[in-house]
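What the coordinates show
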Amino acid sequence: MKTINDFNFNGKKALVRVDFNVPQDDQLKVTDNTRIAAVKPTVDKILEDGGAVILMAHLGRPKGEVKDEFSLKHIVEEVSNVLGHQVKFVDECIGEKAEQAAKDLNAGEILLLENLRFHKEEEKGDEAFAENLSKLGDAYVNDAFGTAHRAHASTAVIAQFFPSTKFFGLLMAKELQAIDKVLKSGERPVTAILGGSKVSTKITIIENILPAVDNLIIGGGMAFTFIKALGGKIGTSLVEEDKLPLALEILGKAKEHNVKVYLPSDTIIAESFSNDADRKESDIYAIPEGWMGLDAGPKSRDQFNDVLLDSRTILWNGPIGVFEMSNFAAGTVALGDSIAEATKLGAFSLVGGGDSVAFVKQFGYGEKVSYVSTGGGAMLESLEGLELPGVAAINK
């Protein structure tokens, strides 16, 4: 893997693709700077070498039109504060103005270009646009794992214009190493936890990870499709009726790979999808009519805990209950505690994919696990076994 550690940037201008697609409030102030902080080690390394940094990013979905609300000028102050340097800004990303701003940049300085997606050519993966971007720097660094699954001009196409000076940033390298640890080089036993609402969105992931894992914990709404397929009565719980045969097929494939599958044995049920609904514990195979399962029950939590404390490598993708409602968050909290405890005992734990990342942030588990992925779609496509365009472009 070619990373920035393999190159000395002294006297060089590094064109760095970052993921600054950050949340903002009504005043366009950044409300979560995690993605900005994540690229600081890459920026620091280039500057310490005696280089200059030119940051390329997108924000929102302006769809090729210049719209003030999506301008990166609104995040310059936050980027400066987080990176610890006064960041310069140019309101273009290609053309004379951008080229002059890049030319005027001295060693130790940082320049942020305007939103790449103000040009429709960015998302089209246009080669001429990528070539124009390439004129701004001497080396190309991709540190935007969150967009690595897109074959856009700045994430993939541009790399061809830097045949010998294209590198992964430190964040990107960490993401790829974390995924490799789970799928290839991880210490066994390896346990994957897949939660969330639908089996259909996780099929490819399950098929790809079966050869790599020893245990598969299935929770959340998607568990009910498996329970019903096995003959259980699930009341009004979420179910994908057309995926019942597929659920049985997955269980069969798991058996072929000697993977132990753990489904919840009990659940917290409610009469309606509401935090204030009447609730009680139930055997997951015998949910009364008119009731729905919204969280993993205490027996399931204990069983999952035993499996996790015996694991050396853990992948967590998706919650095992409706944690957004406090009365149905206990299952996912218990799971988070078990993963944190296993990590403390020396296991490697990777959390990735939308809702589980949201949970980890909201409930303060970020420091208690080994690694929290910054890329939703990119993380999922990696787990599905797909080679990401942004990764392939550097490896060529």
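Since this is a predicted model, take the numbers as computed values, not measurements.

Moving on to the UniProt feature "binding site: ATP" (unreviewed entry) in the protein. The positions that UniProt labels "binding site: ATP" (unreviewed entry) are, in the present scheme, Lys-202, Gly-293, Glu-324, Gly-353, Gly-354, Asp-355 and Ser-356. With respect to the helices and strands, Gly-293 occurs in strand S14 (residues 292-296). Within the secondary structure, Ser-356 is located in helix H13 (residues 354-362). Contacts of Ser-356, omitting those with residues within four sequence positions, involve Trp-316, Asn-317, Gly-318, Pro-319 and Val-351. Here Gly-318 takes part through its backbone nitrogen, which lies 3.0 Å from a polar atom of the side chain of Ser-356.

So, on to the sheet that holds strand S8 (residues 215-218). Hydrogen bonds between backbone groups are what pair the strands of a sheet, and the pairing can be parallel or antiparallel. The 6 strands lie next to each other as S10-S8-S7-S15-S16-S17, forming an open sheet whose pairing is parallel. Edge strands, defined here as strands with exactly one partner in the open sheet, are strand S10 (260-262) and strand S17 (371-372). Alignment of strand S7 (residues 190-194) against S8, held across 4 bridges, turns out to be parallel. From the neighbouring strand, Ala-192 faces S8, where its bridge partner is Leu-216.

Looking now at the UniProt feature "binding site: (2R)-3-phosphoglycerate" (unreviewed entry) in the protein. Mapped onto this structure's residue numbering, the UniProt feature "binding site: (2R)-3-phosphoglycerate" (unreviewed entry) falls at Arg-35, Arg-117 and Arg-150. Relative to the assigned elements, Arg-117 resides in the loop between strand S4 (110-113) and helix H5 (120-124). In this structure, Arg-117 is in contact with His-58, Gly-60, Arg-61, Pro-62, Lys-63, Gly-64, Glu-65, Glu-122, Glu-123 and His-152, ignoring residues within four places of it in sequence. One can find Arg-150 in the loop between strand S5 (139-142) and strand S6 (166-168). Classification of Arg-150 by relative accessible area gives partly exposed; the value is 38%.

With respect to the helices and strands, Tyr-365 occurs in the loop between H13 and S17. The exposure class of Tyr-365 is buried, given its relative accessible area of 5%. If near-sequence neighbours (up to four positions away) are discounted, Tyr-365 is found in contact with Val-333, Gly-336, Asp-337, Ala-340, Phe-359 and Val-360.

Below, the discussion takes up helix H10 (residues 244-256). The end-to-end C-alpha distance of H10 is 19 Å, a good match for the 18 Å that 13 residues give at a rise of 1.5 Å each. For H10, the elements touching its buried residues are helix H8 (203-209), helix H9 (223-229) and S10. Looking one or two residues past H10, Asn-258 carries a phi angle of roughly 60°, positive in sign.

Turning our eyes to something else, we now look at the nonpolar core. One finds Phe-20 and Leu-55 to be the most contacted residues of the largest nonpolar core, which totals 107 residues. Each of domain 1 (4-169) and domain 2 (186-384) gives at least three residues to this core. Core analysis: the second largest hydrophobic core is formed by 23 residues, Ile-217, Ile-314, Ala-329 and Ala-340 among them.

Calculation criteria
Residues numbered from 1 in each chain as written. Predicted model: local features only at pLDDT ≥ 70, side-chain atom pairs only at ≥ 80, totals over all residues. Heavy atoms only, no water. UniProt positions renumbered as here; feature names shortened; annotations may be inferred. Helix = DSSP H or I, 4+ residues; strand = E, 2+ residues; numbered from the N terminus. Contact = heavy atoms within 4.5 Å. Polar contact = N/O pair within 3.5 Å; in protein donor to acceptor, adjacent residues only side chain to side chain. Pairing = 2+ DSSP bridges. Buried < 20%, exposed > 50% of the residue type's maximum accessible area, 1.4 Å probe, protein only. Expected span 1.5 Å × (residues − 1). Core = buried A, V, L, I, M, F, W, Y, C linked by side-chain atoms within 4.5 Å. Domains from an automatic or database assignment.

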